[in-house]
Amino acid sequence: MNTSLVQLGKMTYYEFRMHWRGRALLVVMLAIAVMNIFSIWIFSSNTLPIELDMTYAAVGLISAPLTLTLAVLLPIIISDTIPKDQQYGVRELLDTLPVPHWVYLGGKLLGMWAGVLLGLFAVMVVNGIFYHFTIGALDLRLYIEMWLVAGAALLVINGSLGVLIPVGQPSRRRAVILMVALFVLPFAFAGQIFDTASLLAYINPIRPAIVLYYIANMGEQVSGNLTAFTSNDVLLTIIAGLIELTLVGVLAWGWLRWKENRA
Amino acid sequence: MIEINNLTKTYSGNVHALRGVTMTIGSGMFGLVGPNGAGKTSLMRILAGLLRPSSGSVNVFGHDMTTSQGKQATKALLGYLPQELGLYPNLTAREFLDYIAILKGVTDSSTRKRQVEELVEMVRLSDAANRRLKTYSGGMKRRIGIAQALLGTPKLLIVDEPTVGLDPEERVRIRNLLSDMASRCTVILSTHIIEDISHSCNDLAIINKGGVLFRGNPSDLITRARGKVWTILTSGERPNNGLAVVSTLQLHNGVQYRVLGTPDAHYNATPVEPSLEDSYIWTMSQSQLPHQEMPIPVP
């Protein structure tokens, strides 16, 4: 097999292990699981003064902690994936190894994806079982769709941006500050972007269309019209996110190359 | 063969790390010695492809290190131990070595496994190889650093201060290990521990303030200081008058000083055979004398 592909595979494997041994990912997954369980438990106490379609309510309930965590918290938590090489003092050694830049970046990304996907799968199963036994049967198709569309899309787009954007940061702290600025500050403009299906909403790092789409399914029953986001907006947000990701990926690769030539 | 021609490296702020260094390094073990800030690490980093020279040329086994292709080709031949190597704290030693081996291009799993096991055994970490690296002491981390540099049977091994932080027994082991490696590849050992050089290198350079003060073999360096090393036994004051005191030994009948220079007759000094350390200190002290030309590098 091609040397670069073998390197990519093994790097993915070790990055995956390091993500799980680093505890941060475990904390994120536990946070999602616990928030979901708490929501379901509140919901199951049947104290809400309204009648809801339980099918939509289930995904709406679970999507809120999932999407917000993946959209905002995940990029911050994993932002040290590349800067930690510098901080641990491994970067200098890595720079002397015959590893192409695309393998390095690809290994970091795939390792993170693999780690998060495993965690999300576990949370999906645990939350699904908990819902089933506390409230009742789930609409599995809708439930899995929500995890795939909201979970996987946010993981691939925002998770990858969380790895790639801080590529030039020399320390974990700087990486975290940068990502907090990028992924938390947009909340300051929440009033203008959360209810507007526009280009600004599509390229917004919080991905409001994805975050609100499934909540809105439940919300519409509660308040009539919480949001204007449709499945079309979700699709456009994913496309815009993938374009952003491609651009950031090319820039990260270019930065590594430039740094190598400048050294 | 490594050929370095008129190599300079100037950092921002007009800091000259290397000033026109020219030398050729053949096979075997080559020692690079000098005080802190002499330019050793800059030279090593240029040879490892981590740093671009300001001017001059470096050719490593026929690969021009000023070009991107040359750097890439050299990386495939290189084993490198930086001065301050960090490790992934959450990997075990075995995992870390396996990871580095594959990044070095050792893609065959059985070859990789064999190499990792041999090296773990060689640096005497077999018992701790399944422990996470965050539990390792400084010396153990250093040994893992040396093991990773030897992965992939490199043709050029660059080790920067490899024995720092090791106990005496371990230092000897690592020195012998590097000497053994020198029969199969070129080893460049940078250190300020002269003892490491004297026990293992057949070729060396002394570097200071970015320039080469001496280039040759250890016996040539010792010859330079012959007739300049003395012992003085006195119960009086510490010898001075331009003498450099190398060591002080308290004896029952006074204090014995080992000095470099030309002592006055009243000291009743006894000439002694210089060690490599004496010669190094002599060479360094001569380079710092005012109005004296820097010694010309020996090709």
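The rules we used
Residues numbered from 1 in each chain as written. Chains lettered and ligands numbered in written order. Predicted model: local features only at pLDDT ≥ 70, side-chain atom pairs only at ≥ 80, totals over all residues. Heavy atoms only, no water. Helix = DSSP H or I, 4+ residues; strand = E, 2+ residues; numbered from the N terminus. Buried < 20%, exposed > 50% of the residue type's maximum accessible area, 1.4 Å probe, protein only. Contact = heavy atoms within 4.5 Å. Areas by Shrake-Rupley, 256 points an atom, 1.4 Å probe, with all protein chains shown as cover. Lys, Arg positive; Asp, Glu negative; His and termini not counted. Charge placed at Lys NZ, Arg CZ, Asp CG, Glu CD. Salt bridge = Lys/Arg side-chain N within 4 Å of Asp/Glu carboxyl O. Nonpolar A, V, L, I, M, F, W, Y, C, P; charged D, E, K, R; others polar. Phe/Tyr/Trp six-rings, centres within 6.5 Å; stacked < 30°, edge-to-face > 60°. Lys NZ or Arg CZ within 6 Å of the ring centre and 35° of its normal. Pairing = 2+ DSSP bridges. Right-handed = clockwise from strand over helix to strand, strands pointing away. Axes fitted to C-alpha atoms, helices over the stretch in contact; angles between N-to-C directions. Patch = residues over 30% accessible without salt bridge, like charges linked within 9 Å, V, L, I, M, F, W, Y side chains within 5 Å. Disulfide = S-S within 2.5 Å.

Caption draft 1: Structural context of the overall build of chain B. Each helix and strand in chain B was counted, giving nine helices and 14 strands. Counting only C-alpha atoms, chain B reaches 70 × 45 × 35 Å along its principal axes. Going through the 299 residues of chain B one by one, you find that 53% of them count as buried. Counted over contacts in chain B with a minimum sequence separation of 6, partners at least 24 positions apart contribute 64%. A total of about 13200 Å² of accessible surface is found on chain B, and carbon and sulfur atoms cover 49% of it. Computed over 31 positive and 26 negative side-chain charges, the inter-centroid distance for chain B is 6 Å.

Caption draft 2: Structural context of the interface of chain B and chain A. Contacts between chain B and chain A engage 35 residues on the former and 28 residues on the latter. Inspection of the region where chain B meets chain A yields five salt bridges. Across the salt bridge formed by A:Glu260 and B:Lys75, the nearest N and O atoms sit 2.9 Å from each other. For the side of chain B that touches chain A, the secondary-structure elements that each account for two or more residues are helix 2 (68–75), strand 6 (78–81) and helix 3 (93–103) of chain B. Here the element with the most residues in the side of chain B that touches chain A is helix 3 of chain B; it accounts for seven residues. Considering only residue class, the side of chain B that touches chain A consists of 17 nonpolar, eight polar and ten charged.

Caption draft 3: Looking closely at the packing of aromatic side chains. By the definition in use, this model includes eight aromatic pairs over all chains. Between A:Tyr13 and A:Tyr14 the ring centres are 4.9 Å apart and the planes differ by 65 degrees, which places this aromatic pair in the edge-to-face class. A:Tyr13 gets classed as partly exposed once you look at its relative accessible area, which sits at 37%. Joined through ring pairs, the aromatic side chains of A:Tyr13, A:Tyr14, A:Tyr88, B:Tyr88, B:Phe96 and B:Tyr99 make up one cluster. Of note, A:Arg91 hangs over the ring of A:Tyr104, and the distance from its end group to the ring centre comes to 4.6 Å.

Caption draft 4: Layout of the pairing of strand 8 (residues 186–191) of chain B. All names here are of chain B. Burial of strand 8 is extensive: six of the six residues sit out of reach of the surface. As defined by bridge partners, strand 3 (residues 28–33) adjoins strand 8 across six bridges and the pair is classed as parallel. Among the inter-strand pairings, Met-29 is bridged to a residue of strand 8, identified as Val-187. In the sheet, strand 7 (residues 156–160) pairs with strand 8 via five bridges, with the strands oriented parallel. Pairing of Leu-157 across the sheet is with Val-187, part of strand 8. Handedness of the crossover is the feature at issue here: the chain leaves strand 7, passes through helix 6 (residues 168–181), returns alongside strand 8, and the resulting connection is right-handed.

Caption draft 5: Region of interest: the sheet that holds strand 7 of chain B. Residue and element names in this part refer to chain B. The six strands are arranged 6-7-8-3-9-10 in an open sheet whose pairing can be described as mixed. Single-partner strands in this sheet number two, and they are strand 6 and strand 10 (211–216). Along the sheet, successive strands turn relative to each other by an average axial angle of 15 degrees, direction set aside. Packed onto the sheet, helix 8 (residues 218–225) meets strand 9 (203–208) and strand 10 and runs at close to 110 degrees relative to strand 10.

Caption draft 6: How the structure looks around a nonpolar patch on the surface. Residue and element names in this part refer to chain A. A surface patch of nonpolar side chains, about 450 Å² in accessible area, is lined by Leu-235, Leu-236, Ile-239, Ile-243 and Leu-247. Along the chain, Ile-239 falls in helix 12 (residues 231–262). Exposure remark for Ile-239: the relative accessible area of 41% places this residue in the partly exposed category.

Caption draft 7: Molecular detail of the sheet that holds strand 1 (residues 2–11) of chain B. Residues and elements named next belong to chain B. Spatial strand order, 2-1-4-5: four strands in an open sheet with antiparallel pairing. Of all strands in the sheet, those bounded by a partner on one side alone are strand 2 (15–25) and strand 5 (63–64). With five bridges connecting them, strand 1 and strand 4 (residues 55–60) associate as antiparallel partners. Note that in strand 4 the partner of Asn-5 across the bridge is Ser-57.

Caption draft 8: The arrangement of the state of the cysteines in detail. Residues and elements named next belong to chain B. Under the criterion given, the structure shown has zero disulfides over all chains. Just so you know, Cys-201 is unpaired, no disulfide at all, and the nearest cysteine sulfur is the one on Cys-185, 13 Å from it. Judged by relative accessible area, Cys-201 falls into the buried class, the value being 7%.

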